[in-house]
Amino acid sequence: MTEPLLEADSQRVLILAPFGRDASLAEQVLQRSNIATRICRDLVDLLHSLASGPGALLVTQEALSQGAAQSLAASLGQDPPWSDLPVVVLVSGGAELSSISNLTPLLESGANVTLLERPVRKATLVSAAGAALRARHRQYQVRDQLRALDRADKELRQAMSQATANQQRLQVLVALTASFAEASRNLPVLLDVVVRRVSEVIGEGSALFVVRPDGRTLGLDALYHPDRRQAAALRVAVTNAPLHIGEGITGRVIQTGTSINVTDVDREAYAATLPPGPRATFEGTAIRSMLAVPLRASGRILGTLVLWRTQPGHGYTSEDEALLQELADRAALAIDNAQLFNELQQQAEVHARLNTALRETGIERDRALAEAEQERARLHELFRQVPAAVATTRGPDHIIDFANSVYSRIVGRGPEDLIGTEFGEPSPELVELVKRAYQDGETQVSIELRVGRDRDVARNVDEALFNFIVQPYRDAEANTEGVIVHGTDVTELVHARERTRHLQELTVQLGQRHDTAVLFTKIVDAVAELLDVSITGLYLLDQDEQDFVAVAGRGIEAGMVGSRLPRAGSLAGRAVEQRRAAAVDDASRAENVVLPRLIEGSLGGSVAVAPILAEDEALGAIEVYSAEVRHWRSDDLELLAAFAAAAAAAITNARLFEREQQAIRDRDDFLAAASHDLKNPLTAIRGAGQMLERALARSGSVTPDRLAASLRTIAGATERMTNQIEELLDVARIRLGEPLQLERSPTDIVAMVKQLAATHQASTEQHSINVESGLPSLEGSWDTRRLSRAVENLLSNALKYSPHGGTITLAVARRGDTAVLEVRDEGIGIPEADLPRVAERFMRAANVRGRIEGTGIGLSAAAQIVREHGGRIDVRSGEGIGTTVTAQLPLDGDSTTA
């Protein structure tokens, strides 16, 4: 039943009492107690009224026949799980159970039924109705709670999905922002970096247009496309067609301040809106879809960033548009900063000219000083907001007249404390660059200079790497007045570059061909070197992927290799389940962190783990440990995850190589065994032919008996060879993915088994071959020739792997529409470790290799034939106690048992 149930009627009692005055009397009693009621005309009216969501039902025994009770029970049974509508039934006083048998369907349905014997006191009736309504009210409260939980669950899933998308988007933005920061010192280079990186991230071509000083036109300042010829053609086309604000996609973005997305469906309509010149230019290109967003910074629009694609049907999505706008905002900030830096240099020259003018006249000096002070305040504010270390000095003594907060953190002193002091920090090399820039009047550069950063109260220093530019500024007479020091923190970029290079070198080493044992050792050694730790462990999942097995370690006791690590609840298990790296900074305070035993000392520090994943398959995990408490940074975990991915590829390749080598060995063994098996019938044929030749040479004729015997030998050998060749052909078809073409016909499996048993019994004296069947015959629709070969393979295996004789039992039975054949022997059995793979092609158990000849295709061929018939084969065995192979075959239609 759909959600009925209107809360407006949740405190109303429906009354069904079609005979006598029960209905009116009950209504009067209940209404006097302020209980709302409604009298239903008949059962149909009552059932229809259930949709309004009543609070309870009051029904007389006479109103419910057995069929009516069944209908009411069925209707109540369709309510949602939280609903249990109370039903009060008035029955005759002193009535036997048999007299209310008509209520049995309702009582046995599990409905919430209360029986009241008549005559009923008014207080009892009111009490029963009130209790039913209160219970109904609680049911509605439960419903509201369930709905609230469902809404909360949906909101949580949406929030998690949005958080994942935001994280991926943030990673792209951070990487591109870092690229912009690297190129921020040179505006043309920065613009080229912007279009190239944006094109690589979102694709396919990218162009950047900047508003010209006149404020009316746009200029193409950077353009990139993977196809250089297309890029050159577009550059010529755009350069020849002047762009005005308000015209074309770029000019409209500047005018409206909003993005524009043109798909290939809208291409012709968009072209029609262009002036003749730009329209001809646009129609002459291969562009099919475009996306343009404004470059916004400091409350103004600097220009437009445009993307385009040439393939139809590949327009830009709203996600592309949002990502491009964020990239454009960050690029605009970098462009604005680069322009600001150029502007600051120009402002320094203006400042020098103002100082010269101040010396000329007093009145002009006062006015100019006021303006200069305002300009200085503006420049200081701009410098203060620059996300880089900035300081300016004045005069040959290099007195600091400005320092922002980033620079002050480098030297460990506040900006106010630095003003008026001589420039002498943060390093002698930088001091020398300041002096040289002032003396020579030329810009000085220092790349990746190591300086202190973020000194704490104890004067401990966190070292960092900065790129410094020391730029002289001049007065109106072109004399050097002071210098501007600009430093960009490149510590993380340098560290990331070095660690990435190191990771690449280690990945190349892992990619070399190794056996797995050597590879495992190289993996733990390499990750220890990469993350600068001395303790590592490599754990791979066992075959059923339940637990981890330690396969290699460094700094761990030798006995730990081969030990098991639980997957459930462990940090490694959580990393594999969540498919991401995890870490614990202080293992002594964490639960479910299993620590290894070390060669020296005990471990009470930190642990980090990354899952080893090969596409969708979890291979294991690699863990690194620190004997001291260590804070694992996000780049540590990213580097560990990247190395785990390289290790996954190396482990997968090593395993594939070993499997290929094993497959080659299996193939060679198979070809040798097949060659040997085919020689036996050829030898028999050759022997029979030679005997006939000798007989003809001696007497000139051959007796009919000898001729018949020789022909039987040749025919039998030929049949065996044919069967072997057909089996090899079936194996080849299966390996090519081709199903067997079965030739089904009515086949009696009991007769087949008896015939094969008799044939093989005649060739052995140390084995006893018994047939057990309570059925004279069991016929099914099967491929007689192939099924016979499958049974013969199973029987031949039982004889071959019972080298000391014993009893071979073939049992045939019927279970429903399935024929069941069991082949039991008392032979050498199969080791437990080989049982899961014993039915694979060319697979031979460890206890028979080199001892008993064979190809390893007998059981696998039999299993494939049974599977092609829609059945299956099961193998039970114990080493030294024999083997039982059970084949189950659907009869497939008409089958008879006599």
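The rules behind these values
Residues numbered from 1 in each chain as written. Predicted model: local features only at pLDDT ≥ 70, side-chain atom pairs only at ≥ 80, totals over all residues. Heavy atoms only, no water. Helix = DSSP H or I, 4+ residues; strand = E, 2+ residues; numbered from the N terminus. Buried < 20%, exposed > 50% of the residue type's maximum accessible area, 1.4 Å probe, protein only. Phe/Tyr/Trp six-rings, centres within 6.5 Å; stacked < 30°, edge-to-face > 60°. Pairing = 2+ DSSP bridges. Axes fitted to C-alpha atoms, helices over the stretch in contact; angles between N-to-C directions. Contact = heavy atoms within 4.5 Å. Parallel < 35°, antiparallel > 145°, perpendicular 65-115°, else oblique. Left-handed = near helix turned anticlockwise from the far one by under 90°. Nonpolar A, V, L, I, M, F, W, Y, C, P; charged D, E, K, R; others polar. Salt bridge = Lys/Arg side-chain N within 4 Å of Asp/Glu carboxyl O. Expected span 1.5 Å × (residues − 1). Arc of directions from axis to C-beta. 1 Å grid on protein atoms, 1.4 Å probe; cavity = no way out; pocket = protein on both sides within 12 Å on 5 of 7 lines; lining within 4 Å. Points joined across faces, edges and corners; volume = space filled by probe spheres on them.

A. Looking closely at unusual backbone geometry. In the segment running from Arg 118 into Pro 119, the intervening peptide bond is cis, with an omega of 5 degrees. One non-glycine residue with positive phi stands out, namely Asn 34, at about 65 degrees. Following the sequence through the fold, Asn 34 ends up in the loop between helix H1 (22-32) and strand E2 (36-39). Of the residues examined, Asn 34 reaches a relative accessible area of 73% and is grouped as exposed. Positive phi outside glycine occurs at His 398, with the angle close to 60 degrees. Structurally, His 398 is set in the loop between strand E12 (389-394) and strand E13 (399-403). When its relative accessible area of 6% is taken as the criterion, His 398 is described as buried.

B. Representation of the packing of aromatic side chains in the model. Under the definition given, this model contains three aromatic pairs. Residues Trp 82 and Tyr 140 carry aromatic rings whose centres are separated by 5.4 Å and whose planes lie at 55 degrees to one another, so their mutual orientation is tilted. Residue Trp 82 is found in the loop between helix H3 (66-77) and strand E4 (86-92), and its partner Tyr 140 is found in helix H5 (residues 122-182); the two are separated by 58 residues along the sequence. The class for Trp 82 is buried, based on a relative accessible area of 10%. Measuring from centroid to centroid gives 6.1 Å for Tyr 407 and Phe 423, while their planes differ by 25 degrees, and the two rings are stacked. One end of the pair, Tyr 407, is in helix H13 (residues 405-411); the other, Phe 423, is in the loop between helix H14 (415-418) and helix H15 (428-440), and 16 residues separate them in sequence. Judged by its relative accessible area of 4%, Phe 423 falls in the buried class.

C. Just the sheet that holds strand E1 (residues 12-16), in detail. The strand order across the open sheet built from five strands is E2-E1-E3-E4-E5, with neighbouring strands paired in parallel fashion. At either end of the open sheet lies a strand with only one pairing partner, and these are E2 and strand E5 (112-118). The mean angle between the axes of side-by-side strands here comes to 20 degrees, regardless of whether they run parallel or antiparallel. H1 rests against E1, E2, strand E3 (56-60) and E5 of the sheet, and its axis sits at about 170 degrees to E2.

D. Structural context of the packing of helix H21 (residues 749-761) against helix H22 (residues 784-800). Viewed as axis vectors pointing N to C, H21 and H22 meet at an angle of 45 degrees, and their least axial separation amounts to 10 Å. Between H21 and H22, the interaxial angle falls into the category oblique. Between H21 and H22 lies a crossing of right-handed hand. Within the contact between the two elements, H21 uses Met 752, Val 753, Leu 756, Ala 757 and His 760 and H22 uses Thr 784, Leu 787, Ser 788, Val 791, Glu 792, Leu 795, Ser 796 and Leu 799. Classifying every residue of the contact of H21 with H22 by side-chain character gives eight nonpolar, four polar and one charged.

E. Main features of the pattern of salt bridges. Summed over all chains, the structure comprises 20 salt bridges. For Asp 45, the salt bridge goes to Arg 38, with nearest N and O atoms at 3.3 Å. Close ionic contact of Arg 143 with Asp 144 constitutes a salt bridge, the shortest N to O distance being 3.2 Å.

F. H15, seen in detail. A rise of 1.5 Å per residue sets the reference length of H15, with its 13 residues, at 18 Å; its end C-alpha atoms lie 18 Å apart and thus fit the reference within 8%. For H15, every residue scored as buried is listed here: Leu 430, Val 431, Leu 433, Val 434, Ala 437 and Tyr 438. Each buried residue of H15 lies within a common arc of 160 degrees when the element is viewed along its axis, so the set occupies one face. Seen from the open side of H15, the exposed residues pointing more than 90 degrees away from its buried face are Pro 428 and Gln 439. Immediately beyond the C-terminal end of H15, within one or two residues, lies Gly 441, with a positive phi of roughly 70 degrees.

G. Examining empty space enclosed by the protein more closely. Taken as a whole and assessed by the stated rule, the structure comprises five cavities of 30 Å³ or more. Quantified by volume, the second largest cavity comes out at close to 60 Å³. Considering the residues around the second largest cavity, the lining is formed by Val 13, Leu 30, Ala 56, Leu 57, Leu 58, Val 88, Leu 125 and Ala 129. A total of three residues in the lining of the second largest cavity trace back to one element, the largest contributor, which is E3. Among the residues making up the lining of the second largest cavity, the classes are represented as eight nonpolar, no polar and no charged.

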